[in-house]
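# Notes for the structure review
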Amino acid sequence: MLLLRRAPTVILVLYSCILLCESKTVNEVRHHGRKFPDGFLFGAATASYQIEGGWDADGKTENIWDHMTHNEPCSTDDCLNGDVADNSYNLYKRDVEMARELGLDFYRFSISWARILPTSFPDKINEAGVQYYNNLIDELLKYNIEPVVTIYHWDLPQKLQEMGGWTNSFITDWFADYSRVLFEQFGDRVKYSVYWITINEPREVCYQGYGTNTKAPRLNITGMAEYMCAKNLLVAHAKVYHIYDQEFRATQGGTIGITLSAQWYEPENENHAEAAETLLQFEWGEYAHPIFSKTGDFPPVMKEKVAAKSAAQGFPRSRLPEFTAEEIEMVRGSSDFFGLNHYTTYLVYSNESLEYDAPSYYDDIEAKLYHPNHWSGGASVWLKNIPWGFYKLLTKIREDYDNPPVYITENGFSTRGGLDDDDRIIYYRGYLNEMLNAIEEGSDIRMYTAWSLMDNFEWMRGYTERFGLYEVDYESPERTRTPRKSAFVYKEIVRTRALDFNYEPDTTVMTIDEGH
Ligand code: PNW
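Residues numbered from 1 in each chain as written. Predicted model: local features only at pLDDT ≥ 70, side-chain atom pairs only at ≥ 80, totals over all residues. Heavy atoms only, no water.

In this section: the state of the cysteines. The bond known as a disulfide is covalent and runs between the sulfur atoms of two cysteines. Under the definition given, this model contains two disulfides. Each sulfur in the disulfide pair C74 and C79 lies 2.0 Å from the other. Taking the torsion about the sulfur-sulfur bond, which here is approximately 110°, the covalent link between C74 and C79 counts as right-handed. The exposure class assigned to C79 is partly exposed, which follows from its relative accessible area of 32%. (Disulfide = S-S within 2.5 Å. Buried < 20%, exposed > 50% of the residue type's maximum accessible area, 1.4 Å probe, protein only.)

Have a look at this one:
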């Protein structure tokens, strides 16, 4: 009996031995297809303003990106905007068809607040907007592709911005009211659990939008506005988490969490280890620590540094707002998963000289970051291809936050266009390989999302930088979508659930495989 029960194990051991003996080295096994864990999910992502177009269609009102690009057209590099973008408002069926071609398990998209709530508030629900997302979700479900829905991917209604946007603490209620409408309208799809992401990349919302001028609404009030934004955003997120948890989870059975953008910050040498850690705590610890640490609240180093600087500068209180004890508890643990958008790595050195205007975010940090000249990368200046940084980041998340379930909700590479995108393929393979290294060492990573399904409006870069697995032809009224070589490679990874560095795709024809 015992022997019988052990038989499968014995056979497995013998079989793996045969495999290893035949292929000789583990490295070779890897290069013939390194396997992803059972149940691991693959998807691709987009965001509403970047693809939908239909900026004023069927009752949608203005958001901060409409406002900025209409009032200052050349705030973007090519003086273009998202008025039409990929026209997914009309072409969503083609988008789902592409997801089927790739064999994706899920599609991550975001909902436009001003399309659902034209007044910004739930006094009026725009049926046409609801219909659009219902159509998209139903089309996905028809082909067993799970929706991963981002509630907020940067397109705040302009009216709310005029009332201070994320610096107004009333936004915690505005965001909660909007989110509740989405749970009521879209959370009920039977059989499938919807994955909800409350907010995409708080760091970009707050630092880029409020601390600097690199994203709408371009407030550029550094050392102040980004911290106010951070506090309100975290409380808003937590409110929505608890609403879902208490009012919807039991009947809808989905999961809900937040997506943080986190890059890796490597010290230039060991003398700068503390500076790199401090910078990391400001850059994404600011959002991760309140939610994922045991103690909650902003990272201690951040609280200390901003308080000390503020006092020295003559402020009556720290420029970093305090959470109440109740808020700390509400935010702590308010995410079912660690949603992670990761793209690149920087080197860091400590820098205490007075070269920054104070107060400012970087003056508070007292460190600087840069890319060495020899690091190669994509079309975006900030995007260098450093796969080992991904591994170090995933390891730190596992170690610092007690190995939370991690959903990779974005990772990808930019070019200037063209179908032969070998650099993108190298990037994806390198990053997936390092992700597998982290999984092997125990990281609980459950899904991977390529940014992006297709080219789209790349914020201040307009259409000059392309992140798509599919190329989009912006000259054609049909916004024709064509698979790049990387689409064929990603499709094979998804099909085989393995990473094979030697695979060369036949790019002549893209098909939909059986079952999709
Ligand atoms: C993401 N970084 O942002 C956004 O979620 C997408 O909307 C965007 O199109 C995509 O990246 C490409 O830019 C990023 O610090 C946030 O390196 C942070 C970084 C990169 C991208």
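There is more to say, and it comes next.
In the region of the ligand, 16 residues are neighbours, and Q50, H153, E201, E458 and W459 sit closest. For the ligand, an oxygen atom lies 3.0 Å from a polar atom in the side chain of N200. A distance of 3.2 Å separates a nitrogen atom of the ligand from a polar atom in the side chain of Q263. Relative to its unbound accessible surface of 450 Å², the ligand loses 94% to contact with the protein. For the shell around the ligand, the class distribution of residues is six nonpolar, six polar and four charged. (Near = heavy atom within 4 Å. Polar contact = N/O pair within 3.5 Å; in protein donor to acceptor, adjacent residues only side chain to side chain. Areas by Shrake-Rupley, 256 points an atom, 1.4 Å probe, with all protein chains shown as cover. Nonpolar A, V, L, I, M, F, W, Y, C, P; charged D, E, K, R; others polar.)

Moving on: helix α11 (residues 225-252). The largest bend along α11 measures about 45° and falls at Q246. Positioned one or two residues after α11, G253 has a phi angle of 65°, which is positive. (Bend = angle between axes of the 7 residues up to and from the residue. Helix = DSSP H or I, 4+ residues; strand = E, 2+ residues; numbered from the N terminus.)

Mean pLDDT for the protein: 94, with 93% of residues reaching 70 or above. In this model residues 1-30 is a low-confidence stretch, pLDDT under 50, and it forms seven contacts with partners more than four residues away in sequence or in other chains. (pLDDT = per-residue confidence, 0-100. Contact = heavy atoms within 4.5 Å.)

A few words on the sheet that holds strand β6 (residues 255-261). The eight strands lie next to each other as β2-β3-β4-β5-β6-β8-β11-β12, forming a closed barrel whose pairing is parallel. The mean inter-strand angle of the sheet, taken between neighbouring strand axes irrespective of direction, is 25°. Sheet topology places strand β5 (residues 195-200) next to β6; four bridges connect them, and they run parallel. Bridge pairing links Y195 to T255 in β6. Against the sheet, helix α9 (residues 171-186) touches β4 (146-152), β5 and β6, its axis set at about 160° to β4. (Pairing = 2+ DSSP bridges. Axes fitted to C-alpha atoms, helices over the stretch in contact; angles between N-to-C directions.)

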